[in-house]
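Listed here are the chains, written in short residue letters.
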2 protein chains.
Amino acid sequence: MPKKKLASAVATAAADPDRRATSYDVALRAGVSQSAVSRCFKPGASVSAKMRERVMRAARELGYTPNAIARSLITRRSNLIAVLLSNLTSLYYPEVLSELAEQASRRGVRILLFTLPRESDIDHVLDQVLQYQVDGVVAAVRLSPAQLATFDRRRIPVVFFNRYLRDTPVNAVCCDQFEGSRAMVSRLHAAGHRRFGVIAGPEDSVVGQERLRGALERLAELGVRDVPVIPGSYDYDSGVNGLHELVKRMRRPPDAVICGNDVMAIGCIDAARFDFGLDVPGRLSVVGFDGVGPSVWSSYRLTTVRQPLERMAEATITLLMDRVENPGLPPEKRVLSGQFVEGASAKLA
Amino acid sequence: MPKKKLASAVATAAADPDRRATSYDVALRAGVSQSAVSRCFKPGASVSAKMRERVMRAARELGYTPNAIARSLITRRSNLIAVLLSNLTSLYYPEVLSELAEQASRRGVRILLFTLPRESDIDHVLDQVLQYQVDGVVAAVRLSPAQLATFDRRRIPVVFFNRYLRDTPVNAVCCDQFEGSRAMVSRLHAAGHRRFGVIAGPEDSVVGQERLRGALERLAELGVRDVPVIPGSYDYDSGVNGLHELVKRMRRPPDAVICGNDVMAIGCIDAARFDFGLDVPGRLSVVGFDGVGPSVWSSYRLTTVRQPLERMAEATITLLMDRVENPGLPPEKRVLSGQFVEGASAKLA
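Cut-off values and rules
Residues numbered from 1 in each chain as written. Chains lettered and ligands numbered in written order. Predicted model: local features only at pLDDT ≥ 70, side-chain atom pairs only at ≥ 80, totals over all residues. Heavy atoms only, no water. Pairing = 2+ DSSP bridges. Helix = DSSP H or I, 4+ residues; strand = E, 2+ residues; numbered from the N terminus. Axes fitted to C-alpha atoms, helices over the stretch in contact; angles between N-to-C directions. Contact = heavy atoms within 4.5 Å. Buried < 20%, exposed > 50% of the residue type's maximum accessible area, 1.4 Å probe, protein only. Disulfide = S-S within 2.5 Å. Phe/Tyr/Trp six-rings, centres within 6.5 Å; stacked < 30°, edge-to-face > 60°. pLDDT = per-residue confidence, 0-100. Salt bridge = Lys/Arg side-chain N within 4 Å of Asp/Glu carboxyl O. Parallel < 35°, antiparallel > 145°, perpendicular 65-115°, else oblique. Left-handed = near helix turned anticlockwise from the far one by under 90°. Right-handed = clockwise from strand over helix to strand, strands pointing away.

1. Quick notes on the sheet that holds strand E9 (residues 285–287) of chain A
Residues and elements named next belong to chain A.
Then comes step 1: What the four strands build is an open sheet, ordered E7-E6-E8-E9; its pairing is parallel. Edge strands, defined here as strands with exactly one partner in the open sheet, are strand E7 (229–231) and E9. Shown here is a sheet whose adjacent strand axes are inclined to one another by a mean of 15°, direction ignored.
Then comes step 2: Note that strand E6 (residues 196–200) and E7 share three bridges and pair parallel. Bridge assignment links Val 198 to a residue of E7, and that residue is Val 229.
Then comes step 3: Of the strands in this sheet, E6, E7 and strand E8 (256–259) touch helix H10 (residues 206–221), which is tilted by about 165° from E6.

2. Regarding unusual backbone geometry
Residues and elements named next belong to chain A.
Then comes step 1: For the bond running from Val 280 to Pro 281, omega is 10°, close enough to zero to count as cis.
Then comes step 2: Tracing the chain through its elements places Pro 281 in the loop between helix H12 (262–275) and E9.
Then comes step 3: Phi at Asn 162 takes a positive value of approximately 65°, unusual for a residue other than glycine.
Then comes step 4: Mapped onto the fold, Asn 162 is located in the loop between strand E4 (158–161) and strand E5 (171–175).
Then comes step 5: What makes Asn 162 buried here is its relative accessible area of 3%.
Then comes step 6: Residues other than glycine seldom take positive phi values, yet Arg 301 does so here, at roughly 40°.
Then comes step 7: For Arg 301, the location among the structural elements is in the loop between E9 and strand E10 (304–306).

3. Overview of the state of the cysteines
Two cysteines whose sulfur atoms are joined by a covalent bond form what is called a disulfide.
Then comes step 1: Tallied over the full model, the rule gives zero disulfides over all chains.
Then comes step 2: There is no disulfide at Cys 175 of chain A, and the cysteine sulfur nearest it, in Cys 174 of chain A, is 8.6 Å away.
Then comes step 3: Using a relative accessible area of 2% as the deciding quantity, one classes Cys 175 of chain A as buried.
Then comes step 4: With no disulfide of its own, Cys 259 of chain B has Cys 268 of chain B as its nearest cysteine by sulfur position, at a separation of 4.5 Å.
Then comes step 5: Judged by relative accessible area, Cys 259 of chain B falls into the buried class, the value being 4%.

4. Things to note about the packing of aromatic side chains
Then comes step 1: Taken as a whole and assessed by the stated rule, the structure comprises six aromatic pairs over all chains.
Then comes step 2: Ring centres of Trp 297 of chain A and Tyr 300 of chain B lie 5.9 Å apart, and the angle between their planes is 80°; on these two criteria the pair is classed as edge-to-face. Of the two residues, Trp 297 of chain A is situated in the loop between E9 and E10 and Tyr 300 of chain B in the loop between strand E9 (285–287) and strand E10 (304–306); the pairing between them involves two chains. Each of the two residues, Trp 297 of chain A as well as Tyr 300 of chain B, counts as buried.
Then comes step 3: Cluster of aromatic residues (ring-pair linked, three or more members): Tyr 236, Trp 297 and Tyr 300 of chain A together with Tyr 236, Trp 297 and Tyr 300 of chain B.

5. So, the confidence of the model for chain A
Residues and elements named next belong to chain A.
Then comes step 1: Summarising the model, chain A shows a mean pLDDT of 87, and 88% of its residues fall at 70 or more.
Then comes step 2: Note that pLDDT drops below 50 for residues 9–15; the model gives that stretch nine contacts with residues more than four away or on any other chain.
Then comes step 3: Taken over the whole predicted complex, pTM reads 0.80, whereas the ipTM for its chain interfaces reads 0.78.

6. Focus: the pattern of salt bridges
Oppositely charged side chains are able to pair whenever their charged atoms sit close together.
Residue and element names in this part refer to chain B.
Then comes step 1: This model, assessed by the stated rule, comprises 22 salt bridges over all chains.
Then comes step 2: A salt bridge links Glu 342 to Arg 187, with the shortest nitrogen-to-oxygen separation between them at 3.1 Å. A residue pair is termed long-range when its members are at least 10 positions apart, and Glu 342 in the segment after strand E12 (339–341) and Arg 187 in helix H9 (residues 177–190) qualify at 155 residues.
Then comes step 3: Overall, Arg 187 belongs to the partly exposed group, its relative accessible area being 32%.

7. Section: the packing of helix H2 (residues 23–30) of chain B against helix H4 (residues 49–62) of chain B
Residue and element names in this part refer to chain B.
Then comes step 1: Where H2 meets H4, the closest approach of the two axes is 9 Å, and the angle between their N-to-C directions is 120°. As summarised for this structure, H2 and H4 are arranged oblique, according to the angle between their axes. Here H2 and H4 pass one another in a crossing that is right-handed. Where H2 abuts H4, its residues Asp 25, Val 26, Arg 29 and Ala 30 lie against Arg 54, Val 55, Ala 58, Ala 59, Glu 61 and Leu 62.

8. Side note on the pairing of E6 of chain A
Residue and element names in this part refer to chain A.
Then comes step 1: Across the five residues that make up E6, a large majority, five, are buried.
Then comes step 2: Neither face of E6 is left uncovered, since the one carrying Phe 196, Val 198 and Ala 200 and the one carrying Gly 197 and Ile 199 both have all their residues buried.
Then comes step 3: With four bridges joining them, E6 and E8 adopt parallel strand pairing. Directly across from Ile 199, in E8, lies its bridge partner Cys 259.
Then comes step 4: Following the backbone out of E6, through H10 and into the adjacent parallel E7, one traces a crossover that is right-handed.

Spelled out as structure tokens, the structure:
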């Protein structure tokens with residue numbers, strides 16, 4: 001965009017009497033300086049209650065609202081952060097989004113939402129993310145090193161949520177999927193389970209692959225091998241179909257099914273009860289991961305690993321905004337342990 | 001904001017060689033006009049595949065991305081729409097948001113998300129919504145006539161999702177809550193139910209109050225009066241506690257409980273089974289409203305009214321964007337009927 005055209009548009013917008021009062025008008029009417037007006041509208045700025053009241057009254061009378069977009073051209077801060085999510089209709093990501101929105105709002109920034117049908121569809125929206133001049137990005141989807149470099153070149157900090165890149169230093173906040181899965185396997189094995197089956201997350205889910213790797217590695221250490229793994233899509237039907245597949249492959253039902261998330265565990269429990277007449281946990285132990293709302297419903301009472309979502313969201317926004325304000329900070333990963341929840345869907349020693 | 005300061009900031013941003021290539025640079029390199037470059041980056045604009053390829057190659061080589069924010073000062077279009085939601089952690093609104101995001105993305109606009117702890121907290125974010133110069137607003141929360149007038153004065157169209165104002169002409173897309181509740185009552189009554197109880201949505205939920213009104217009005221027409229109504233908060237625990245309250249007030253269990261949404265119906269079913277040992281639907285019929293994902297899980301198989309969310313989201317974005325492009329259009333309400341789902345949680349004739 002040529003600067004003359006833009007500057008003239010800005011001038012026109014500013015001169016249009018119909019359009020909006022300026023901070024200058026407000027300052028005149030309130031009898032204060034223009035910078036006092038700015039401070040009153042800046043989230044978190046220090047200003048006396050009396051001053052704020054005076055300015056706000058003048059602003060109301062004139063119908064003035066600061067133009068956050070025009071301001072962003074001066075401050076180079078849009079106060080927008082992009083949140084990249086896939087799978088919003090799962091039960092987990094809405095909880096993540098809600099926590100992120102809450103934490104962002106406390107910092108005076110707003111969330112611009114980018115939802116992808118699948119994690120791997122990121123290329124379709126990357127261009128859009130850049131166009132909106134966001135201050136930073138929370139990526140709860142996989143990004144390639146090349147995609148990450150695109151943000152780097154524009155000095156837009158990125159914090160990964162529950163994933164990271166193996167050989168590239170990045171900012172990330174993760175629940176320890178690997179450790180959580182290993183601990184779950186240890187508990188099930190100690191309680192006497194030996195015939196294990198796994199219903200895993202999709203292959204393009206980093207989180208799901210970490211959980212799978214943790215479970216299989218620990219099982220192997222304990223001498224349990226050739227564990228059948230059925231890939232799922234994190235939804236209820238994957239849990240139902242997963243158990244059917246496991247029973248088919250193993251010829252008889254397993255005694256413990258490790259599911260890649262809670263919703264698949266719920267589907268697996270329903271299939272055990274309604275399709276196979278198997279008591280859970282009497283005949284079959286089923287465990288999940290996440291600690292979503294329905295995991296505590298009386299019909300399920302899942303044995304699971306709960307992710308500390310609120311703390312994870314807080315850490316994510318903190319890491320991100322620290323880097324928006326101070327781009328020189330080195331990459332940092334924060335790994336939070338999940339909380340083992342001893343529900344009633346698994347026999348434990 | 002004084003126009004000189006803004007114009008000079010724009011000029012600085014445009015002149016910074018480090019910062020970004022302009023559309024002029026891309027046009028030069030691709031050997032096309034600057035307006036051709038603009039068209040290639042405008043969602044939905046007509047441009048030949050050959051032209052697009054040529055421009056995109058040049059843009060890639062120069063690391064050019066259009067600045068959506070600067071452009072919005074010229075076009076007076078930010079291509080942002082605000083979505084105001086409360087209760088994101090319920091099971092229903094994430095599905096709404098996901099459908100809205102999908103439909104918005106097809107129109108080339110992005111969603112700026114505003115989540116409120118309660119519907120009535122709108123005043124806290126209204127100012128923020130105005131500052132971001134959004135093109136339009138989808139309100140899935142209650143707005144007062146005064147709040148609506150604030151948007152009107154700034155010529156920002158608003159479409160209500162599942163609510164409206166009774167005495168003010170507004171744009172709205174609604175599922176017919178009233179009709180859906182009446183039809184549900186008729187079916188339950190025809191099947192012989194006479195001892196009704198209601199677990200209703202919160203008092204500040206317009207949707208919940210419509211559903212309640214529909215149910216009570218139809219019950220009264222059928223000669224069923226003095227129906228106990230327990231207010232809930234749309235969550236699982238409200239369903240559990242609601243049934244406990246009903247049993248206490250009615251001295252013995254009702255034969256049908258009408259719940260203000262599916263999640264409360266799920267809580268009510270679990271309480272019936274696990275706390276009172278009542279078979280559902282053998283001893284107690286429980287019905288919901290919404291048709292959320294878990295309503296079809298085998299443990300519940302809810303009898304409910306499913307809202308046609310996809311069609312509602314499409315209608316919402318269509319109404320909104322039509323008014324962004326043509327502000328003179330008169331207010332319009334679209335009321336879509338819910339779909340009766342005969343699950344297995346109620347005895348029906």
